[in-house]
Amino acid sequence: MSSPIEQQTGSHTGVHVESPALLLTVFGGLMVLTFLTVWVSGLDLGRMNDVTALGIATLKAGLVIWYFMHVRHSTILTKLAILTATFFVVLLFGITLADYLTRGWLGVLGR
Amino acid sequence: MSEAHPGLEHHFDSYDQQRESAKLGMWLFLITEVMFFGGMFLLYLIYRWRFPVAFAEGSNHLDVTLGAINTVILIGSSLTVALAVRAAQLGKSKALVVLLILTLLLGGMFLGIKSVEYSHKFHQHLFPNDSFQFEGTSPNNTRLFFAIYFCMTGFHALHMLIGAGIILWLIPHAWRGRFNANNYNYVEGFGLYWHFVDLVWIFLFPLLYLLGRNLGTH
C-alpha cells in the first residue's frame, strides 16, 4: 500500500513508539551523569575539570538527541541535516579558536 | 484534508511523507537555533579563556544547588515530553493531556527557581548595570561573566516561555483527541523544540555553575 513517492525513494519509516522502560532508563542515566558532573566539579583535576564537564555534557546531549529526540529512528535525510549542522558548529568553533588561542604564540608586533 | 485520510494535507502523498517532512522542517529550524546559541557559547569560551580567574570568581557566586535542582527538573520535563509523544502516537488523549500539564508544571518550577536566582543576583549587585559591585581580582571582567550569564540564561528562559505557550495551545487539541499514530506532528515538533531547550541547559549548567568550583571559594 505504499504511495508512488515511497516507491521512488524506498522510504517507509512507519511510526516507532518508544517503550516507557527505555525512556525511564535514559532518564536514569541522565540523572546519574548530572550527579557525576556536580561531584567531579568539586575535585581539583586541573585542566581535566573542563574536559570532564564538557565530556559529560556532550554524552548527556547525545542521549537526549539519540533517544528522546528519536534520531535513532529518523531517516538518513534528517541524520544528514543534523551532521551538517554539527560540521558547521565545529567549523565555527574550530576556526575562531584557532585564531584566538594561537595569537600569543609568535609574538606578533602590535598586539 | 479528505474524509478517507483525516489529518492528511492534500499536498502530501502519505502520512509517512507528511510526518517526515514535518520532522525535517523542525530539525532545520532547530539547526538555526543551534547557530544562534552556538555564537553565544563561542563568545563565552573566548572570554573565559581570556579571563579564567575573573570568570571562576563570578561562577562561584552562582548557586550550584539551585542550578542542579533545575537541571533535574528540566531533564524530568524532557522525560514527560518524550512520554507525551508516545501517548500521542498511541492516541491516548487523557494521558497526553496529563503529561503536557506535568511538563508545564515542571517548566514553571524551573522558571520559578530561575527568577529566585535572578532576584538574588539583583540584590547582590551582580546584574551588569551601573550598580554592579564585585570584590575580586578584576571586577570588570567578572561583570562580563555576569553579562554573558544573564544573556544566555535569559534567552534560554525566553525559549521556555515560548515552549509553555505552545503547550497551552496544544492542550485543547489533545483534549479533543486530535492526535493519533497518523497525525501527531504538532506534539512531535513541540517535543523536539522542548528537548532542544533542555540540550542548551545541559551545556549551560556545567559551563556557568560548575567551572571554578575546584578553585575553591576561599
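Worth saying up front: this structure is predicted, and the values here are computed from it rather than measured.

A. Inspection of the overall build of chain B at higher detail. Counting its regular elements, chain B contains six helices and zero strands. Listed by position from the N terminus, the elements making up chain B come as α-α-α-α-α-α. Overall, the C-alpha framework of chain B stretches about 70 × 30 × 30 Å when taken along its three principal axes. In chain B, buried positions account for 54% of the 218 residues. As displayed, chain B has an accessible area near 9,400 Å², and 66% of this comes from carbon and sulfur atoms.

B. Focus on the nonpolar core. Grouped together as the largest cluster of nonpolar side chains are 83 residues, with contacts concentrated most on A:Phe68, A:Met69, B:Leu96 and B:Leu100. Counting residues per element, this core draws most heavily on helix α6 (residues 185-210) of chain B, at 17 residues. Setting aside residues no more than four positions away along its own chain, B:Leu96 makes contact with B:Ala84, B:Ala87, B:Ala88, B:Ala174, B:Phe179 and B:Val187.

C. Structural view of the environment of A:Trp66. All names here are of chain A. Topologically, tryptophan 66 is positioned in helix α3 (residues 48-68). The partly exposed category is assigned to tryptophan 66, whose relative accessible area is 39%. Tryptophan 66 sits 21 residues away from leucine 45 along the chain, and the two C-alpha atoms are 30 Å apart. Those residues in contact with tryptophan 66, other than ones at most four positions away along the chain, are Val71, Arg72 and Lys79.

D. Local environment of the pattern of salt bridges. Residue and element names in this part refer to chain B. Inspection of the entire model under this criterion finds seven salt bridges over all chains. One salt bridge in this structure joins glutamate 188 and lysine 23, with 3.9 Å as the shortest N-O distance. Of this pair, glutamate 188 sits in helix α6 while lysine 23 is found in helix α1 (residues 15-50), placing the two residues 165 residues apart along the sequence. Each member of the salt-bridge network shares a partner with another, and the members are Glu20, Lys23 and Glu188.

E. Examining the interface of chain B and chain A more closely. Between chain B and chain A, the residue contacts involve 52 residues of the former and 54 residues of the latter. Summed over both sides, the interface of chain B with chain A buries roughly 4,400 Å², with 75% coming from carbon and sulfur. The tally of links between chain B and chain A comes to one salt bridge. A salt bridge links A:Asp50 to B:Arg48; the nearest nitrogen and oxygen atoms lie 3.1 Å apart. Linking chain B with chain A are four residue pairs in polar contact (both at pLDDT 80 or more), by the criterion used here. No other element matches α1(B), which puts 20 residues into the side of chain B that touches chain A. Split by residue class, the side of chain B that touches chain A holds 32 nonpolar, 10 polar and 10 charged.

F. Examining the side chain of B:Asp198 more closely. Its place among the elements puts B:Asp198 in helix α6. Here B:Asp198 is buried and forms no salt bridge, its nearest opposite-charge partner A:Lys60 lying at an N-O distance of 7.4 Å.

G. Fine view of α6(B). Residue and element names in this part refer to chain B. Its 26 residues give α6 an end-to-end C-alpha distance of 37 Å, which sits within 8% of 38 Å, the value for a rise of 1.5 Å per residue. Of all bends in α6, the biggest is about 30°, found at leucine 204, and the proline proline 206 comes one to four residues later. In terms of residue burial, α6 counts as a mostly covered element, since 24 of its 26 residues are buried. Following α6 by one or two positions, glycine 212 has its phi on the positive side, about 85°.

H. Examining unusual backbone geometry more closely. All names here are of chain A. One non-glycine residue, histidine 70, lies in the positive phi region at around 60°. With respect to the helices, strands and loops of the structure, histidine 70 is situated in the loop between α3 and α4 (76-100). Judged by its relative accessible area of 7%, histidine 70 is buried.

I. Broad picture of the packing of aromatic side chains. Residues and elements named next belong to chain A. What the rule picks out here adds up to 25 aromatic pairs over all chains. For the pair phenylalanine 87 and phenylalanine 88, a centre-to-centre distance of 5.4 Å together with 80° between the ring planes defines the contact as edge-to-face. Note on phenylalanine 88: relative accessible area 44%, which makes it partly exposed.

The rules behind each value
- Residues numbered from 1 in each chain as written.
- Chains lettered and ligands numbered in written order.
- Predicted model: local features only at pLDDT ≥ 70, side-chain atom pairs only at ≥ 80, totals over all residues.
- Heavy atoms only, no water.
- Helix = DSSP H or I, 4+ residues; strand = E, 2+ residues; numbered from the N terminus.
- Buried < 20%, exposed > 50% of the residue type's maximum accessible area, 1.4 Å probe, protein only.
- Areas by Shrake-Rupley, 256 points an atom, 1.4 Å probe, with all protein chains shown as cover.
- Core = buried A, V, L, I, M, F, W, Y, C linked by side-chain atoms within 4.5 Å.
- Contact = heavy atoms within 4.5 Å.
- Salt bridge = Lys/Arg side-chain N within 4 Å of Asp/Glu carboxyl O.
- Buried area = accessible area lost by both parts, 1.4 Å probe.
- Polar contact = N/O pair within 3.5 Å; in protein donor to acceptor, adjacent residues only side chain to side chain.
- Nonpolar A, V, L, I, M, F, W, Y, C, P; charged D, E, K, R; others polar.
- Lys, Arg positive; Asp, Glu negative; His and termini not counted.
- Expected span 1.5 Å × (residues − 1).
- Bend = angle between axes of the 7 residues up to and from the residue.
- Phe/Tyr/Trp six-rings, centres within 6.5 Å; stacked < 30°, edge-to-face > 60°.

Distances and angles like these do not, on their own, reveal function.
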